[in-house]
Amino acid sequence: MNPVNVVILEYIEVLLHGGDMLDVKRLQILLAVVEGGSVTSAADELFYTPSGVSQQLRKLEEEVGQPLLQRHARGMTPTDAGHVLASHARRILQQMDAAIADLDQLAGLKSGSLSLGTFPTLGSSFMPLVISRFRKLYPSVNLDVRSTRLQELMSLLSKGEISLGLLWEYEWHKLNRADFELTTLFTEPTVLVVGVEHPFAQLDEIDMVDTAHEQWIVRANEHPVAELLERTCNTAGFSPKISFQANDYQEAQAMVSVGLGIALAPKSAVMNNHPGVKILSLGEAAAPRSVVLAQRRDRVRAPAENAFQSLLVEMAQTWIR
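Read on for a plain summary of the structure. Computed from a predicted model, the values in this text were never measured in an experiment. Residue positions are given per chain, counted from 1 along the sequence in the order it is written. Owing to the predicted nature of the model, reporting of local features is limited to residues with pLDDT of at least 70; listing and counting of side-chain atom pairs is limited to 80 or more, with chain, interface and lining totals taken over all residues. Excluded from the side-chain calculation are hydrogens and water; included are all heavy atoms of the structure.

**Regarding the sheet that holds strand S12 (residues 263-266)**
Now for step 1: Think of it this way: DSSP has to see at least two bridges between two strands before they count as a pair. Strands are runs of DSSP state E lasting at least two residues, helices are runs of H or I lasting at least four, and both sets are numbered from the N terminus onward. Strand order in the open sheet formed by 3 strands is S12-S9-S13, with antiparallel pairing between adjacent strands. Two strands in the sheet have a free side with no partner beyond their single neighbour: S12 and strand S13 (277-281). With strand direction ignored, the average angle separating the axes of adjacent strands in the sheet is 40 degrees.
Now for step 2: Across 5 bridges, the pairing between strand S9 (residues 190-195) and S13 is antiparallel. Following the sheet pairing, glycine 195 is matched in S13 by valine 277. Interaxial angles span 0 to 180 degrees and are taken between N-to-C directions of axes, which are lines fitted to C-alpha atoms, for helices over the stretch in contact.

What follows is the structure, encoded as structure tokens:
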């Protein structure tokens with residue numbers, strides 16, 4: 001949308017009287033009289049009665065403090081003050097028309113922008129599909145997409161640098177509902193990642209008890225999946241033997257593929273799985289992860305934001321099966 005320009009500043013400075021801004025509708029009436037040459041023509045154009053137009057003109061002259069029109073037998077002509085005010089009124093009304101048109105463009109998603117954030121595992125699986133479809137539906141909306149870690153996403157949301165953020169949580173690692181408005185998009189199972197040469201690769205589902213003597217690869221830097229592994233193994237009656245720590249799930253899959261251990265992962269993290277690994281179901285032995293859409297509670301939602309949220313919710317319904 002075009003910024004408020006010097007015309008509006010001139011309007012505020014020149015068209016104030018007694019500290020009150022002049023009524024825009026009266027400016028429109030004045031302009032119609034000046035351009036049409038009579039009260040009658042202005043009344044016809046604006047669907048007023050002639051007496052109604054005359055009344056509004058008198059109030060406008062009182063606000064300005066000087067005559068704006070000279071009345072003649074055949075109509076009206078503007079005074080010098082009338083010329084000045086009509087000139088400003090023309091530009092102001094054009095500016096208002098442009099503003100309304102710009103708002104209509106945004107409401108119709110024919111323009112605008114949207115900034116959003118996601119985390120890497122979703123950024124490499126689900127989000128590209130959503131973004132691709134959104135661009136086909138709304139090609140004129142500019143998207144600014146950032147992929148980063150959970151804490152950074154929450155910081156970007158808090159500072160207003162992104163409008164929407166895709167976050168995740170486990171049942172023991174909940175996000176703060178006081179800070180954000182959260183919408184759960186889907187809940188995904190935790191799966192087991194094993195190498196294709198591993199004996200478990202012959203199976204489709206496995207009991208956690210059968211992994212008691214395995215070496216494990218976990219996410220580094222106290223990632224919650226390490227706690228997930230500890231909890232899951234403890235429930236099965238043993239403590240996991242950690243062999244390596246990986247910085248991300250792609251690295252973990254690479255380690256698994258060469259036989260350095262096995263790993264737990266949320267399903268979306270291995271949708272694009274390494275050719276050297278196989279993904280096994282754990283049933284309900286390991287807790288699932290919820291993927292949520294976060295927005296600041298104090299923000300006014302833009303049309304593009306609402307449209308993207310609707311698309312996210314729709315596509316999430318069929319994403320994890």
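**A few points about the pattern of salt bridges**
Now for step 1: Basic side-chain nitrogens of Lys or Arg form a salt bridge, by our definition, when they fall within 4 Å of a carboxyl oxygen of Asp or Glu. Enumeration according to the criterion identifies 12 salt bridges in this entry.
Now for step 2: Taking the shortest distance from any N to any O, the salt bridge between glutamate 63 and arginine 26 comes out at 2.5 Å. With glutamate 63 in helix H4 (residues 50-64) and arginine 26 in helix H2 (residues 24-36), this pair connects stretches of sequence that are 37 residues apart.
Now for step 3: For the exposure calls, accessible area comes from a 1.4 Å probe over protein chains only, and a residue counts as buried if that area is under 20% of its type's maximum, exposed if over 50%, partly exposed in between. Judged by its relative accessible area of 14%, arginine 26 is buried.
Now for step 4: With its nearest N and O atoms 3.0 Å apart, the salt bridge here joins glutamate 227 to arginine 231. Here arginine 231 and glutamate 227 lie together in helix H9 (residues 224-236), a separation of 4 residues that amounts to about one turn.
Now for step 5: Judged by relative accessible area, arginine 231 falls into the partly exposed class, the value being 40%.

**Regarding the layout of surface pockets**
Now for step 1: A pocket, in this scheme, is an open set of points on a 1 Å grid over the protein atoms alone with protein on both sides within 12 Å along at least 5 of 7 lines, while a cavity is a set where a 1.4 Å probe fits but cannot get out; residues line either one if an atom lies within 4 Å of a point. Grid points are joined across faces, edges and corners, and a volume is the space filled by probe spheres set on the points. Empty space within the largest pocket amounts to approximately 370 Å³.
Now for step 2: Taken together, 21 residues line the largest pocket, and the ones lying closest to its centre are Arg149, Leu150, Trp168, Arg219 and His223.
Now for step 3: When grouped by side-chain class, the residues that make up the lining of the largest pocket number 8 nonpolar, 8 polar and 5 charged. The classification used treats Ala, Val, Leu, Ile, Met, Phe, Trp, Tyr, Cys and Pro as nonpolar, Asp, Glu, Lys and Arg as charged, and all other residues, Gly among them, as polar.

**A few points about the packing of H2 against H4**
Now for step 1: H4 packs onto H2 with a crossing angle of 110 degrees between their chain directions and a minimal axis gap of 9 Å. By the angle between their axes, H2 is roughly perpendicular relative to H4. In the packing of H2 onto H4, the handedness of the crossing is left-handed. Contacts between H2 and H4 pair Arg26, Leu27, Ile29, Leu30 and Val33 from the former with Val53, Gln56, Leu57, Lys59, Leu60 and Glu63 from the latter.
Now for step 2: Class assignment for the residues of the contact of H2 with H4 results in 7 nonpolar, 1 polar and 3 charged. Any angle that falls under 35 degrees is termed roughly parallel, while one over 145 is termed roughly antiparallel, one within 65 to 115 roughly perpendicular, and all others oblique. Throughout, a crossing is termed right-handed when the near helix is turned clockwise from the far one, and left-handed when it is turned anticlockwise from it by less than a right angle. Any two residues whose heavy atoms approach within 4.5 Å at even a single point are treated as in contact.

**Here's the deal with the sheet that holds strand S7 (residues 164-169)**
Now for step 1: The strand order S6-S5-S7-S14-S8 describes an open sheet built from 5 strands, whose pairing is mixed. If you trace the sheet from one side to the other, it starts and ends with strand S6 (142-147) and strand S8 (180-188), each paired once. Averaged over all pairs of adjacent strands, the angle between their axes in this sheet comes to 20 degrees, without regard to strand direction.
Now for step 2: By the bridge criterion, 5 bridges tie S7 to strand S14 (residues 289-296) in an arrangement that is antiparallel. Counterpart to glutamate 169 in the pairing with S14 is serine 290.

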